[in-house]
Each structure stands twice: as structure tokens, then as C-alpha cells.
Amino acid sequence: MNTTANDLFINKKVLIRTTTAGIHYGTLISRDGKEVFLKNARNIWSWAGALSLNEIVTKGVNLKESKITEQVEELILTDVIAIYPIQKTSNLP
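Computed from a predicted structure; not experimentally measured.

Basis of the calculations
Residues numbered from 1 in each chain as written. Predicted model: local features only at pLDDT ≥ 70, side-chain atom pairs only at ≥ 80, totals over all residues. Heavy atoms only, no water. Helix = DSSP H or I, 4+ residues; strand = E, 2+ residues; numbered from the N terminus. Rg over C-alpha atoms; globule rule 2.2 N^0.38 Å. Buried < 20%, exposed > 50% of the residue type's maximum accessible area, 1.4 Å probe, protein only. Polar contact = N/O pair within 3.5 Å; in protein donor to acceptor, adjacent residues only side chain to side chain. Contact = heavy atoms within 4.5 Å. Salt bridge = Lys/Arg side-chain N within 4 Å of Asp/Glu carboxyl O.

Participant: Outline the overall build of the protein chain, supporting the account with residue identities and numerical values.
Facilitator: On a plain count of helices and strands, the protein chain comes out with one helix and six strands. Shown N-terminal to C-terminal, the secondary structure of the protein chain runs as helices and strands in the order β-β-β-α-β-β-β. For the protein chain, whose C-alpha radius of gyration is 13 Å, the value lies close to the compact-globule estimate of 12 Å for 93 residues. Principal axes of the C-alpha set define a box for the protein chain whose edges measure 40 × 25 × 20 Å.

Participant: How would you sum up the side chain of Thr18? Please name residues and give values.
Facilitator: With respect to the element layout, Thr18 can be found in strand 1 (residues 13-18). A relative accessible area of 5% places Thr18 in the buried class. Side-chain polar atoms of Thr18 contact the backbone nitrogen of Ala21, separated by 2.8 Å. A distance of 2.9 Å separates a polar atom in the side chain of Thr18 from the backbone nitrogen of Gly22. With residues near it in sequence (within four places) discarded, Thr18 still touches Leu77, Thr78, Asp79, Val80 and Ile81.

Participant: Quick one: what's the story with unusual backbone geometry, residue by residue and with numbers?
Facilitator: The backbone phi angle of Asn11 is positive, close to 70°, even though this residue is not glycine. Taking the relative accessible area as the measure of exposure, Asn11 reaches 57% and is therefore exposed. Phi at Asp79 is positive, roughly 60°, even though this residue is not glycine. By secondary structure assignment, the location of Asp79 is in the loop between strand 5 (72-77) and strand 6 (80-85).

Participant: Tell me about the side chain of Asn43, and please be specific about residues and values.
Facilitator: Tracing the sequence through the fold places Asn43 in strand 3 (residues 35-46). Within the structure, the side chain of Asn43 is placed 2.9 Å from the side chain of Trp45, a separation counted as a polar contact. Apart from the residues within four sequence positions on either side, Asn43 is in contact with Ala21, Ile23, His24, Lys67, Ile68 and Thr69.

Participant: I'd like a description of the pattern of salt bridges, backed by residues and values.
Facilitator: Under the counting rule described, the total for this entry stands at two salt bridges. When the shortest N-O distance is used, the salt bridge between Lys39 and Glu74 registers 3.0 Å. Of this pair, Lys39 sits in strand 3 while Glu74 sits in strand 5; the two residues are 35 residues apart in sequence, bridging distant segments of the chain. Take Lys39: its relative accessible area is 26%, and that puts it in the partly exposed class.

Participant: Give me the environment of Thr20: which residues, what numbers.
Facilitator: By the element assignment, Thr20 lies in the loop between strand 1 and strand 2 (23-32). Since its relative accessible area comes to 70%, Thr20 is described here as exposed. Residues Thr20 and Ser30, 10 residues apart in the sequence, show an inter-C-alpha distance of 20 Å.

And the structure:
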């Protein structure tokens, strides 16, 4: 089975970094180049308790001191520059 970058994280929880819309996370439904479609998405405005996005996806953040938006059912993001799979050890809601 050949897995391409476009379907590597499909149906998995991911953290997305964009050039202008910031940091978001949710379940990746599809990807087309720099555009992604997320379900159950949230935006991380600021975070505490993690040094980098790598640490957010592995251990999470301090939820009381971080600013994370309410969940939206669906979201399309453009200008995606990084996709990180969220690990089971992360505490992201």
C-alpha cells in the first residue's frame, strides 16, 4: 500500500500551522496542497506549558493558562505550512 502525504493523517487528530491563520487542531478530513478540511476544530490563540508545537502534540499545554477557542464543527484552512499528528499523550481537549 502506497501512502502519500495527502492521506497520511486522514481521520487522525492533527495540529495545523498556517502562514496567516495561526495554530488550529481537529480531525483531518482531507488535504489538497496547502488547503485542509478539519472537523471538530479549535484555534490555539496562545499557550503555556509547552515550548513548541512539537511539545503541544506530545504532552499538551497548561489548559488553565492557554487560550483555546470553542470547537467548530467544520473548518477549511488555507496556506498550511505544517501538519503535526497529535499523540495520545497530549492533553488537548
